[in-house]
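# Analysis of the macromolecular model
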Amino acid sequence: MQRRLTTRQALEMILSEVNPCDSDGEDIELQPDSDSDLSDLSSDEETAPQPKKRARLGTDLTETAKDGTVWREEQVGTRLPFTPIKAYAADGEPTAKARKSISSRLQSFLCFITLDMLHSIQEWTIQHAQETEHVHWFMALPELMAFIAIVILRGLTKVPSLRDCWSANLGNPHIIGTMPRNRFQDIMRHLRFDDRSTRSDRAKTDKFAAISSVWGSFVTNCITSYNPGLHITVDEQLFPSKTRCCFLQYIATKPDKFGIKFWVACDLKSKYICNVLPYLGKDPSRPSGERLSENVVMRLMEPFLDKGRNVTTDNFFTSLSLAHKLLSRKTTILGTVNKIRREIPQSARHTDRNEFTTQVFSTTAATLTAYAPKRKKTVYILSSMHSVIQTDNTTKRKPNTVTLYNTTKCGVDVMDQMVREYTVRTGTRRWPVAVFYNMIDMAALNAHVLYQACTGRQERRVDFLVELARELANSHMCAKKARKEQLLRTQPSTPSPGKRAMCQVKHQCKNNHATVRCVHCYRYTCGKCRREIPWQCQDCE
């Protein structure tokens, strides 16, 4: 029986028996045994390094990303090995409490800027005025509501300066008839939203202390007044302002470079502002290992989780770890991903792709779509709501993930555009007033959405704002008219001897003099503008 030799043993035995000088130049062929141990060969060709993070397992091509995520490349149109959660079926609608209490524009606005909040603003404004100006300074609640009405009307009619709102040529008659300019400026000068004496202590733990109480009530009212639909968009809003505060932001890509940044969650269909958070810099309450983007999305979506909704984000927020967190709360995510993220597989980062090509990867309960809309440009979409990635039959062959993202990404941007169109923002040196302006803008937008949903009436937003301002100022105007009538009733019916007044009716005359008042409206009425019996002006029938 012959002894079987390994490759190395056979090679050593042949070389020991062959003399190189006697060789006739023929090649020596060695046939290794099938059971030979090939691990000892040192040839460069036999020990060439294989791709480290790419291996073929059966028929599936898998790849491990830098963070350890295992991705499997899939064919376009095949069903992926996971079942998405059941989607939220209802459209956005007001809550039962809001639907029951709203029948007018004023009631819809007071759902967000409540009477309790107005009482609080009234209290701290009066306190500041009495401490700094006059001990008997006072402002009634209807007057504060009329002040807000003028602020809203100023956003509808843009004029060069505040003084022009009361001018004869450029002024708004509604503003002129509601409140004198000096009184408006007086209220604006003393407008406060918190107790000034305790602010310094509260500011040690709360940078938003100057308005945090009123702001917190506003956000709570936004959350409890509306049930959003399936798609919610999360993005940032930069409210333009150059006031001095420690959390002022500079973003070069925004139309207004400086401002106060807010994180906003917005309903896609109605553009209702569901939740909003101010960005105040580093948050000590945030866990050290948690990303800012994940913390923001989870806080904004907290009241709306566990319902099967979907949140759309941009590449600042989207990550695989966030997708897993949301999925554990029965919420899906759809958003663009930055290609430098560690969870992106290396084979998906190639930029030299053919135009309109799609590459699909899948991992645990998530899909990654790499689509090239043009050469040397690739868009990455992470989704936890799609189990099948399909392309359409158009020339661009867009995947369904890209198409849905383009539809749902614009919620906050459109909301911000709508707010800017009739914004009440104006120049101020106090950042709490700037935040108050943004709060009025958001409250007016949400009130318009609620009013249309609760009453079934479709109304242009500009018409809604005009009528809302009129309803806000109505109580103050009625009280002002009652005081004026009471003052007129106490006056004598004719001027002092030797003096004549100008006709206040001017129905048939231009500038006639008058000495007698109308018995109904108490205006001075000349002979041309009076009725025969009794002495009445032609307006009072």
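Since this is a predicted model, take the numbers as computed values, not measurements. (Residues numbered from 1 in each chain as written. Predicted model: local features only at pLDDT ≥ 70, side-chain atom pairs only at ≥ 80, totals over all residues. Heavy atoms only, no water.)

Counted as a void, the largest pocket has a volume near 500 Å³. For the largest pocket, the lining is made up of 21 residues, of which D206, P278, L280, D283 and R299 are closest to its centre. The leading source of residues in the lining of the largest pocket is helix α10 (residues 292-301), at 4 residues. Along the lines of polarity and charge, the residues of the lining of the largest pocket split into 12 nonpolar, 3 polar and 6 charged. The calculated volume of the second largest pocket comes to roughly 270 Å³. Sorting elements by how many residues they give to the lining of the second largest pocket places helix α15 (residues 461-490) first, with 6 residues. Per-class residue counts for the lining of the second largest pocket are 4 nonpolar, 3 polar and 6 charged. (1 Å grid on protein atoms, 1.4 Å probe; cavity = no way out; pocket = protein on both sides within 12 Å on 5 of 7 lines; lining within 4 Å. Points joined across faces, edges and corners; volume = space filled by probe spheres on them. Helix = DSSP H or I, 4+ residues; strand = E, 2+ residues; numbered from the N terminus. Nonpolar A, V, L, I, M, F, W, Y, C, P; charged D, E, K, R; others polar.)

Turning our eyes to something else, we now look at the nonpolar core. In this structure, F147, W215 and F218 are the most contacted members of the largest nonpolar core, which totals 115 residues. Those residues in contact with F147, other than ones at most four positions away along the chain, are M179, F184, I187, M188 and L191. Listed in part, the 11 residues of the second largest apolar core include A501, C509, Y524 and C526. (Core = buried A, V, L, I, M, F, W, Y, C linked by side-chain atoms within 4.5 Å. Buried < 20%, exposed > 50% of the residue type's maximum accessible area, 1.4 Å probe, protein only. Contact = heavy atoms within 4.5 Å.)

Chain-level statistics for the protein chain give a pLDDT mean of 86 and a share of 87% at 70 or above. Low pLDDT (under 50) marks residues 20-59, which in the prediction has 23 contacts with non-local residues, meaning those over four places away or in another chain. (pLDDT = per-residue confidence, 0-100.)

In this model helix α5 (residues 141-156) runs 24 Å from its N-terminal to its C-terminal C-alpha over 16 residues, within 8% of the 22 Å that 1.5 Å per residue would give. Of all 16 residues making up α5, 14 are buried, and the element is well covered by its neighbours. (Expected span 1.5 Å × (residues − 1).)

Our next topic: unusual backbone geometry. The backbone of K330 shows a phi angle near 60°, a positive value even though the residue is not glycine. Counting through the fold element by element, K330 comes out in the loop between α11 (320-328) and β11 (332-336). Using a relative accessible area of 52% as the deciding quantity, one classes K330 as exposed.

This next bit is on the side chain of R105. Among the secondary structure elements, R105 is positioned in helix α3 (residues 105-110). Not counting the four nearest positions on each side in its chain, R105 is found in contact with Y451, E459, F464, E467, L468 and E471.

Counted by the stated rule, this structure contains 22 salt bridges. Put simply, E471 and R105 hold a salt bridge, and the shortest N to O gap is 3.2 Å. Taken as a pair, E471 in helix α15 and R105 in helix α3 lie far apart in primary sequence, 366 residues in all. Each member of the pair, E471 as well as R105, carries the same accessibility label: buried. With its nearest N and O atoms 2.9 Å apart, the salt bridge here joins E467 to R470. Remark: R470 and E467 occur in helix α15; sequence separation between them is 3 residues, near one turn of the helix. You can call E467 partly exposed: its relative accessible area is 24%. (Salt bridge = Lys/Arg side-chain N within 4 Å of Asp/Glu carboxyl O.)

Let's shift gears to empty space enclosed by the protein. Evaluated as defined, the whole model comprises 3 cavities of 30 Å³ or more. One number sums up the size of the largest cavity: a volume of about 50 Å³. Taken together, Q237, L238, F239, P240, D416, V419, R420, T423 and R425 make up the lining of the largest cavity. At the level of secondary structure, the elements contributing two or more residues to the lining of the largest cavity comprise β6 (231-240) and α13 (411-421). Take the lining of the largest cavity: its biggest share by element is 4 residues, from β6. Considered class by class, the residues forming the lining of the largest cavity number 4 nonpolar, 2 polar and 3 charged. The calculated volume of the second largest cavity comes to roughly 50 Å³. If you go around the second largest cavity, the residues you meet are I152, Y422, V424, I440, D441, A444, R461 and L465. Secondary structure elements with two or more residues in the lining of the second largest cavity: α14 (431-455) and α15. No other element matches the 3 residues that α14 contributes to the lining of the second largest cavity. Tallied by class, the residues present in the lining of the second largest cavity amount to 6 nonpolar, no polar and 2 charged.

Moving on, we get to the pairing of strand β12 (residues 358-363). Among the 6 residues that make up β12, 5 are buried, leaving the element largely enclosed by the rest of the structure. Where strand β3 (residues 70-74) and β12 come together, 3 bridges link them in antiparallel fashion. For E74, the partnering residue across the bridge sits in β12 and is V360. As judged from the 6 bridges shared by β12 and strand β13 (residues 366-374), these two strands associate in the antiparallel manner. Paired with V360 across the bridge in β13 is T369. Adjacent in sequence and paired antiparallel, β12 and β13 are bridged by 2 residues, among which A365 carries a positive phi angle near 60°. (Pairing = 2+ DSSP bridges.)

Glancing now at α11. Where α11 is concerned, the buried positions are L320, L322, A323 and L326. Buried residues of α11, seen end-on, are gathered within an arc of 155° and therefore sit on one face of the element. Looking one or two places after α11, you find K330, whose phi comes out positive at around 60°. (Arc of directions from axis to C-beta.)

Another point: the environment of A365. Considering the arrangement of structural elements, one finds A365 in the loop between β12 and β13. Distance from A365 to S384, taken between C-alpha atoms, is 6.0 Å for residues 19 residues apart in sequence. Among all residues touching A365, those that are not within four sequence positions of it are F82, L327 and S384.

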